[in-house]
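Letter by letter, the chains look like this.
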Amino acid sequence: MSDAARPAALSGAARLAPLYAAQALATGATTVSTVVASLIMSGLGSEALAGLPSTLIQAAAATSAGLFGALMLRRGRRAGLSLAFALGTMGSLVGFLGARAGVTPLFLTGAMLMGAAQGGYQQARYAAAESVPEARRGTALGALMLMSVLGSFVMTGFAHPIERLGAALGATPEVTGWLVGGALLGVAALLILSWQPLTGPAVAKRERLPLAAAFRIPGVKSTALAVATAQGLMVTLMSLTPLRAHHMGMDHAQVAALISGHILGMFGFGWLTGPLIDRLGLRFGYVSGALLLAAAALTAPLTGQAWLAVSMFLLGLGWNLAFVAGSKALTRFPAAQGVTDALGYVAAGLGTLLGGAVIARAGFPALAITCAVLAALPLVSAWRARPTQP
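These numbers come from a predicted model, not from an experiment.

## Here's the deal with empty space enclosed by the protein
Link 1 in the chain: Considering all chains together, one arrives at 7 cavities of 30 Å³ or more under this definition.
Link 2 in the chain: Taken as a whole, the largest cavity holds about 480 Å³ of empty space.
Link 3 in the chain: Along the walls of the largest cavity sit 32 residues, with Q122, Q231, M234, M266 and W319 positioned nearest its centre.
Link 4 in the chain: Those elements that place two or more of their residues in the lining of the largest cavity are α1 (5-32), α3 (52-75), α5 (104-121), α7 (137-157), α12 (220-247), α13 (252-268), α16 (305-330) and α17 (334-362).
Link 5 in the chain: With 6 residues, the top contributor of residues to the lining of the largest cavity is α12.
Link 6 in the chain: Here the residues of the lining of the largest cavity are counted per class, giving 17 nonpolar, 13 polar and 2 charged.

The structure is reproduced here in structure tokens:
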């Protein structure tokens, strides 16, 4: 890097710091709240409905993603992200109050508000990617994910303090996680207010096509297929595996460690996967992601806690590769971003809803095999990707 380019790079990194920090806090909030929502629901009602909170989260996110995408195109990233983090704060508090009081409808209302918030703040990755040249967008996305793992690890590392806080409040650690998540999202909202988004020509000249026209562009539909498949499979197995771990006798700290391994796979290798996708292309991300997602599904039903940990790690890493590749491709098509995210949330919502019923009727192995078959779908995206796409 030349002497002239180095100050510019440092300035860009400093400008993105509030965005990265806010996203790290949001990941931590998700880790200590929505990931273990199935355990809360199991304690509140029928175990067959353990996937219902995650389903509502994904449905709300699917509804809001397109709306937040349109808002960000009109009013800018900062306005949309600030609103999303504030909405998440409110949802976390409502969910905590509902779960603590044993009022299932109130808890589910909080879950829906959290989902609506996620539909907005998960689009922070586009804000990061569009701030750098196209050849480095995979690297920018990977850096965002690497920062996210820090927030998640801090929260899982605080499993025992959360247990003590819960005891003081008369709530379980899972319920207390919703209160902690609300605090994290509140801080994230304040950080976004200090963020200065890119306002130069790179943003001003973005093509704003009508949605139907955007999806007629070659490559958009196949990209949406990869993103939706990766999101759907990851959320389905991530949400329902803690319930399986609970049945295996794992306590809260052990489940937290299991989730840590999953989060490590999702975000911890962004420093490697992002640059690799920049260098080797979208097909590499789609193919390697599909293979790892299938491997994660096939190892999940194997006997022993070690295999469950391996499965969760592979699930996260497979999602990372397919999702980063798809997200990089979508930075070219702003009009399709929100709706493509919505498709991913729809897939995740259906997966968790149907997955809970499959487990209740046929057992966890049946769900795992189904997920392994569906993991082949990103291979279609790889086949349709242009060989010259970076």
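Moving on, there is more to tell.
## Regarding the pattern of salt bridges
Link 1 in the chain: Under the definition given, this model contains 4 salt bridges.
Link 2 in the chain: Between K328 and D278 there is a salt bridge; the shortest N-O distance is 2.7 Å. Linking K328 in helix α16 with D278 in helix α14 (residues 270-280), this pair joins segments that are 50 residues apart in sequence. Here the two residues K328 and D278 agree in accessibility, since each one is buried.

## Some words on the nonpolar core
Link 1 in the chain: By size, the foremost hydrophobic cluster in this structure holds 61 residues, and its most contacted members are M234, L237, F267, Y286, L315, W319 and A336.
Link 2 in the chain: Examining the composition of this core, we find that 13 residues originate from one element, α12, more than from any other.
Link 3 in the chain: With residues up to four places along the chain from it excluded, the contact list for F267 reads T27, M145, L146, S148, V149, W319 and N320.
Link 4 in the chain: The next biggest cluster of nonpolar side chains, apart from the first, holds 44 residues, and it includes A22, M72, F96 and V132.

## A look at the environment of Y286
Link 1 in the chain: Structurally, Y286 is set in helix α15 (residues 282-299).
Link 2 in the chain: Taking the C-alpha atoms as reference points, Y286 and N320, 34 residues apart in sequence, are found 9.9 Å from one another.
Link 3 in the chain: Those residues in contact with Y286 that sit more than four places away from it in its chain are T223, A226, A322, A325, G326, A329, P378, S381, A382 and A385.

## Focus: the packing of aromatic side chains
Link 1 in the chain: Applying the stated criterion to the full structure yields 6 aromatic pairs.
Link 2 in the chain: Aromatic pair F267 and W319: ring centres 5.8 Å apart, planes at 85°, arrangement edge-to-face. Of this pair, F267 sits in helix α13 while W319 sits in helix α16, and the two are 52 residues apart along the sequence. In terms of burial, F267 and W319 fall into one category: buried.
Link 3 in the chain: Between F269 and F313 the ring centres are 5.9 Å apart and the planes differ by 75°, which places this aromatic pair in the edge-to-face class.

## Considerations on the side chain of T340
Link 1 in the chain: Within the secondary structure layout, T340 lies in helix α17.
Link 2 in the chain: At 2.7 Å, the side chain of T340 forms a polar contact with the backbone oxygen of A336.
Link 3 in the chain: Discounting chain neighbours no more than four positions away, the residues touching T340 are F215, A224, V227 and L330.

## Some words on the environment of Q58
Link 1 in the chain: As for its position among the elements, Q58 is in helix α3.
Link 2 in the chain: A residue is classified by how much of its surface remains accessible, and Q58, at 5% relative accessible area, is buried.
Link 3 in the chain: Linking Q58 and V235, residues 177 residues apart in sequence, is a C-alpha distance of 9.0 Å.
Link 4 in the chain: Those residues within four positions of Q58 in sequence are excluded, and the remaining contacts are Q231, V235, Y345, V346, A348 and G349.

## Brief notes about the layout of surface pockets
Link 1 in the chain: The calculated volume of the second largest pocket comes to roughly 270 Å³.
Link 2 in the chain: Lining the second largest pocket are 17 residues, with L233, T236, A347, G351 and L374 positioned closest to its centre.
Link 3 in the chain: When contributions to the lining of the second largest pocket are tallied by element, the ones reaching two or more residues are α12, α17 and α18 (364-374).
Link 4 in the chain: Residue contributions to the lining of the second largest pocket peak at 6 residues, all from α17.
Link 5 in the chain: A breakdown of the residues in the lining of the second largest pocket according to their chemical character gives 11 nonpolar, 6 polar and no charged.

Rules and cut-offs
Residues numbered from 1 in each chain as written. Predicted model: local features only at pLDDT ≥ 70, side-chain atom pairs only at ≥ 80, totals over all residues. Heavy atoms only, no water. 1 Å grid on protein atoms, 1.4 Å probe; cavity = no way out; pocket = protein on both sides within 12 Å on 5 of 7 lines; lining within 4 Å. Points joined across faces, edges and corners; volume = space filled by probe spheres on them. Helix = DSSP H or I, 4+ residues; strand = E, 2+ residues; numbered from the N terminus. Nonpolar A, V, L, I, M, F, W, Y, C, P; charged D, E, K, R; others polar. Salt bridge = Lys/Arg side-chain N within 4 Å of Asp/Glu carboxyl O. Buried < 20%, exposed > 50% of the residue type's maximum accessible area, 1.4 Å probe, protein only. Core = buried A, V, L, I, M, F, W, Y, C linked by side-chain atoms within 4.5 Å. Contact = heavy atoms within 4.5 Å. Phe/Tyr/Trp six-rings, centres within 6.5 Å; stacked < 30°, edge-to-face > 60°. Polar contact = N/O pair within 3.5 Å; in protein donor to acceptor, adjacent residues only side chain to side chain.

Shape is all these values report; function is a separate question.
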